[in-house]
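Tertiary structure, described
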Amino acid sequence: MSVTSQCRICDGTVKEFIDFGRQPLSDAFVVPGDEKGEFFFRLATGICDSCTMVQLMEEVPRDLMFHDAYPYLSSGSAFMRTHFNELAKRLLTTELTGEDPFIVELGCNDGIMLKAMAEAGVRQLGVEPSGSVADLAAAKGIRVRKDFFEEATAADIRETDGPADVIYAANTLCHIPYMDSILKGVTTLLGPNGVFVFEDPYLGDIVERTSFDQIYDEHFFFFTARSVQEMAKRNGLELVDVERIPVHGGEVRYTLALAGARQPTEAVAELLAWEAERKLAEYATLERFATNVKKIKDDLIALLTKLRAEGKRVVGYGATAKSATVTNFCGITPDLVEFISDTTPAKQNRLSPGQHIPVREPKEFAADYPDYALLFAWNHADEIMNAEQAFRDAGGQWILYVPNVHVS
Ligand code: SAM
Ligand code: TMP
Ligand code: ZN
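The structure presented is a predicted model; accordingly, all values stated were derived computationally and were not measured. (Residues numbered from 1 in each chain as written. Chains lettered and ligands numbered in written order. Predicted model: local features only at pLDDT ≥ 70, side-chain atom pairs only at ≥ 80, totals over all residues. Heavy atoms only, no water.)

Let us now look at the pattern of salt bridges. Per the stated rule, a full pass over the model turns up 26 salt bridges. A salt bridge links R8 to E59; the nearest nitrogen and oxygen atoms lie 2.2 Å apart. With R8 in the loop between β1 (4–6) and β2 (13–24) and E59 in the loop between β4 (54–56) and α1 (62–65), the pair connects residues that are 51 residues apart, well separated along the chain. One salt bridge connects D205 with R244, and the closest N-O pair in it is separated by 3.0 Å. One end of the pair, D205, is in helix α7 (residues 203–209); the other, R244, is in strand β11 (residues 237–245), and 39 residues separate them in sequence. Three or more residues are tied together by salt bridges with common partners; here these are E16, D19, R42 and E58. (Salt bridge = Lys/Arg side-chain N within 4 Å of Asp/Glu carboxyl O. Helix = DSSP H or I, 4+ residues; strand = E, 2+ residues; numbered from the N terminus.)

What follows concerns the sheet that holds strand β10 (residues 221–222). Strand order across the open sheet formed by five strands is β1-β2-β3-β4-β10, with antiparallel pairing between neighbours. Of all the strands in the sheet, the pair left with one neighbour each is β1 and β10. In the sheet, β4 pairs with β10 via two bridges, with the strands oriented antiparallel. Within the sheet, the bridge partner assigned to V54 lies in β10 and is F222. In this fold helix α11 (residues 322–330) packs onto β2 and β3 (40–48), with an angle of close to 80° to the strand it touches most, β2. (Pairing = 2+ DSSP bridges. Contact = heavy atoms within 4.5 Å. Axes fitted to C-alpha atoms, helices over the stretch in contact; angles between N-to-C directions.)

Here we take up the side chain of S74. Within the fold, S74 resides in the loop between α1 and α2 (78–94). In this view, S74 contacts M80, N109, D110 and I112; residues no more than four positions away in its chain are not counted.

For helix α9 (residues 266–277), spanning 12 residues, the distance from its first C-alpha to its last is 17 Å, which sits close to the expected 16 Å at 1.5 Å a residue. Of the residues making up α9, those classed as buried are V268, L271, W274 and E275. When α9 is viewed along its axis, its buried side chains cluster within an angular range of 130° and face the same direction. Looking at α9, the residues exposed on the side facing more than 90 degrees away from the buried face are E266, A269, E270, A276 and E277. For α9, the secondary structure elements touched by its buried residues are α7, α8 (225–233), β11 and β12 (251–258). (Expected span 1.5 Å × (residues − 1). Buried < 20%, exposed > 50% of the residue type's maximum accessible area, 1.4 Å probe, protein only. Arc of directions from axis to C-beta.)

Each protein donor to the zinc ion (ligand 3) is listed here as C7 (SG), C10 (SG), C48 (SG) and C51 (SG); together their distances run 2.3 Å. Here the zinc ion (ligand 3) is ringed by four donor atoms whose angles at the metal span 100 to 117°, and the overall shape comes out tetrahedral. Sequence positions of the residues that donate to the zinc ion (ligand 3) give the spacing C-x2-C-x37-C-x2-C. With respect to burial, C48 and C51 carry one shared label: buried. (Donors = N, O, S within 2.8 Å, 3.2 Å for Na, K, Ca; no water. Tetrahedral: all angles 85-135°; square planar, octahedral: opposite > 155°, others 65-115°.)

Contacts to ligand 1 come from 19 residues, most closely from S74, G107, E128, S130 and N171. Within the side chain of E128, a nitrogen or oxygen atom sits 2.5 Å from an oxygen atom of ligand 1. Protein chains bury 97% of the 600 Å² of accessible surface belonging to ligand 1 in isolation. Here the shell around ligand 1 is composed, by residue class, of 10 nonpolar, seven polar and two charged. (Near = heavy atom within 4 Å. Polar contact = N/O pair within 3.5 Å; in protein donor to acceptor, adjacent residues only side chain to side chain. Areas by Shrake-Rupley, 256 points an atom, 1.4 Å probe, with all protein chains shown as cover. Nonpolar A, V, L, I, M, F, W, Y, C, P; charged D, E, K, R; others polar.)

Moving on: empty space enclosed by the protein. Overall, the coordinates contain two cavities of 30 Å³ or more when judged by the stated rule. Taken as a whole, the largest cavity spans an internal volume of roughly 50 Å³. Ranked by the residues each element gives to the lining of the largest cavity, the list is headed by α7, at three residues. Tallied by class, residues from the lining of the largest cavity come to nine nonpolar, one polar and no charged. When its volume is computed, the second largest cavity comes out at roughly 30 Å³. As for the second largest cavity, its lining consists of Q23, P24, S26, F41, L43, Y216, D217, A324 and T325. If you list the elements that add at least two residues to the lining of the second largest cavity, you get β2, β3 and α11. Considered class by class, the residues forming the lining of the second largest cavity number five nonpolar, three polar and one charged. (1 Å grid on protein atoms, 1.4 Å probe; cavity = no way out; pocket = protein on both sides within 12 Å on 5 of 7 lines; lining within 4 Å. Points joined across faces, edges and corners; volume = space filled by probe spheres on them.)

Neighbouring ligand 2 are 18 residues, the closest being Y72, K322, D342, K347 and N379. Note that an oxygen atom of ligand 2 is positioned 2.6 Å from one of the side-chain N or O atoms of D342. Here an oxygen atom of ligand 2 sits 2.8 Å away from a polar atom, N or O, in the side chain of K347. Here ligand 2 loses 91% of its free accessible area of 490 Å² to cover by the protein chains. Of the residues that constitute the shell around ligand 2, the class distribution is five nonpolar, nine polar and four charged.

Here the UniProt feature "domain: Methyltransferase putative zinc binding" (unreviewed entry) sits at residues 7–66. End-to-end, the C-alpha atoms of residues 7–66 are 23 Å apart, and along that stretch the chain is 7% helix and 40% strand. (UniProt positions renumbered as here; feature names shortened; annotations may be inferred.)

Quick look at the packing of helix α10 (residues 283–309) against α11 now. It is the contact of α10 with α11, at a shortest axis distance of 10 Å, that shows an interaxial angle of 75°. Considering the angle they form, α10 stands roughly perpendicular to α11. Facing α10, whose interface residues are V293, K297, L300 and I301, α11 presents V326, F329 and C330. Here the residues of the contact of α10 with α11 sort into six nonpolar, no polar and one charged. (Parallel < 35°, antiparallel > 145°, perpendicular 65-115°, else oblique.)

Here it is, written out as structure tokens:
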């Protein structure tokens, strides 16, 4: 019997294709001694039989994930800082050229993108519910509203600031199950020729690369051009542009405008055709993905168990939210991975969610290189491997598990 749930976008039925079982909150790093109070939920994904949106089967209450102790810092990657600066430069010369333009960013985090807007003197507002990171953005001179964006927030902003030329969200829209309220808010706040631009992990890349660790509590939706087009249509909006971008393991940047306001680019039709050819919306494709995920799980545990038997030391690199799915689904315990090295202060000296692997500062990694580093932050592989050349020079090797388990 198949497991189903109600679609968060339309009236359709979501049919489950993969179940990761009981999982903790991916960004809830545990203070040693507090292991007992952890929250768990069933992590599983399915596809809607009507609008084709891939989504989680169970929703985690937003206040449990986004709060004053939310640890993720966007500015932790130099590559991502450049990525957002380039986007800001582009928006400044295309969409934000009118008189007194206004940009609103949902989930501005520590201000990685809006900093360039503040420096350019463009009227800006970040809407960010996680107090810890919102304060960091404010300290950079950015106007921040500590709030969840939703319909009421949007109406309030429109009242005080007027219409927005650009509403932007990176790695945030896919975090929000209450899409109806968000898109109503977008249509309320957007000026007549404004655009809603958002970028999120792309289902096409997730399936092609078997990057199953993109699935965790905070990632509720897994977009495609087709599902976003459907979602836009239902809310008086239109998908007018798409761009594949090489960040976080493969994302798409979608541009929506008010229905009829802009002519869709050829890129939209091209990506829709690519998705149809790959049969991305077909259940059988996603069942194959689930089979590939199980192989990665078996191969990774077999490799780590073999290395332990040989007396090799393995350390994790990057205590990513993604790594919660890997460690808890595969059963990676502290006797297989000694600790995880991470630059984020709020994660250090805590334990990884669920499996309780200690998280330590990068200087502990450098002080005594292990034989192998398991790269949980594989989406930052080029940046990290360049910075850690000394580890390789000392004979260290990287273990990767996307698109398959291999040592490099
Ligand atoms: N934009 C940054 C980036 O790409 O690195 C941050 C992405 S972070 C993974 C997601 C952010 O979305 C968090 O800082 C979280 O607090 C914020 N968020 C979650 N729900 C939100 C909502 N309803 N409105 C605005 N921000 C939200
Ligand atoms: P992300 O994949 O969600 O961006 O998370 C990356 C994590 O890896 C974050 O906790 C910071 C950490 N990190 C390092 O420890 N060293 C690095 O060089 C980079 C780029 C990230
Ligand atoms: Zn649906």
